[in-house]
Amino acid sequence: VWSVRLGGEWRATDEVELRLGGFYEPSAIAAQDVNVSLVDSNKWQVGGGASFYLLPEQNLRFDVAAALLFFDTLNITDSNVR
């Protein structure tokens with residue numbers, strides 16, 4: 001499987017760093033082979049985060065992050081699963 005990822009980081013101030021990015025990853029298995037114990041489809045994700053430098057001289061910082069992951073909807077009409 002392969003994936004494409006793109007993101008960026010910006011140092012807004014000496015104390016705040018912001019991040020934003022996303023990725024796409026195709027399914028590792030054919031749709032016809034999907035079953036209840038092996039679920040996979042194309043994936044899209046967007047995410048963001050921030051770092052707050054509390055004590056920059058000692059590299060102490062507080063990080064926060066959030067992401068949304070989306071899966072393609074599958075409509076399987078010719079399943080190989082028995």
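The coordinates are above.
The rules we used
- Here the residue index of a chain counts from 1 through its sequence in written order.
- Side-chain atom pairs in this predicted model are given and counted only at pLDDT of 80 or more, local residue features only at pLDDT of at least 70, and totals for whole chains, interfaces and linings cover all residues.
- The side-chain values count all of the structure's non-hydrogen atoms but skip hydrogen atoms and water molecules.
- Secondary structure elements are taken from DSSP: a helix is a run of H or I of four residues or more, a strand is a run of E of two residues or more, and numbering for both begins at the N terminus.
- Remark: exposure states derive from per-residue accessible area (1.4 Å probe, protein chains only) relative to the maximum for the residue type, with buried under 20%, exposed over 50%, and partly exposed in between.
- The rule is short: rings of Phe, Tyr and Trp, with Trp giving its six-membered ring, pair when the centres are within 6.5 Å, and they are stacked under 30 degrees, edge-to-face over 60, tilted in between.
- Charge over a ring is defined by NZ of Lys or CZ of Arg lying within 6 Å of the ring centre and within 35 degrees of the ring normal.

**Q** Would you mind showing me how to read unusual backbone geometry here?
**A** Backbone phi values are negative for most residues with the exception of glycine, while trans is the configuration of most peptide bonds. For Asn59, which is not glycine, the phi dihedral falls at a positive 55°. Along the chain, Asn59 falls in the loop between β3 (43-55) and β4 (60-71). You can call Asn59 exposed: its relative accessible area is 65%.

**Q** Whenever I open this one, the packing of aromatic side chains confuses me. Can you help?
**A** Each pair of aromatic rings is reported with the distance of its centres and the angle of its planes. Counted under the stated rule, the structure contains two aromatic pairs. Ring centres 4.4 Å apart and planes at 45° place the aromatic pair Tyr24 and Trp44 in the tilted group. Here Trp44 lies in strand β3 and Tyr24 lies in strand β2 (residues 16-25), a separation of 20 residues in the sequence. Ring pairs connect the aromatic residues Trp2, Tyr24 and Trp44, which therefore count as one cluster. Note that Arg5 overlies the ring of Phe23, its terminal NZ or CZ placed 4.8 Å from the centroid. In this structure, Arg11 is placed above the aromatic ring of Tyr53, and the distance from its NZ or CZ to the ring centre is 4.2 Å.

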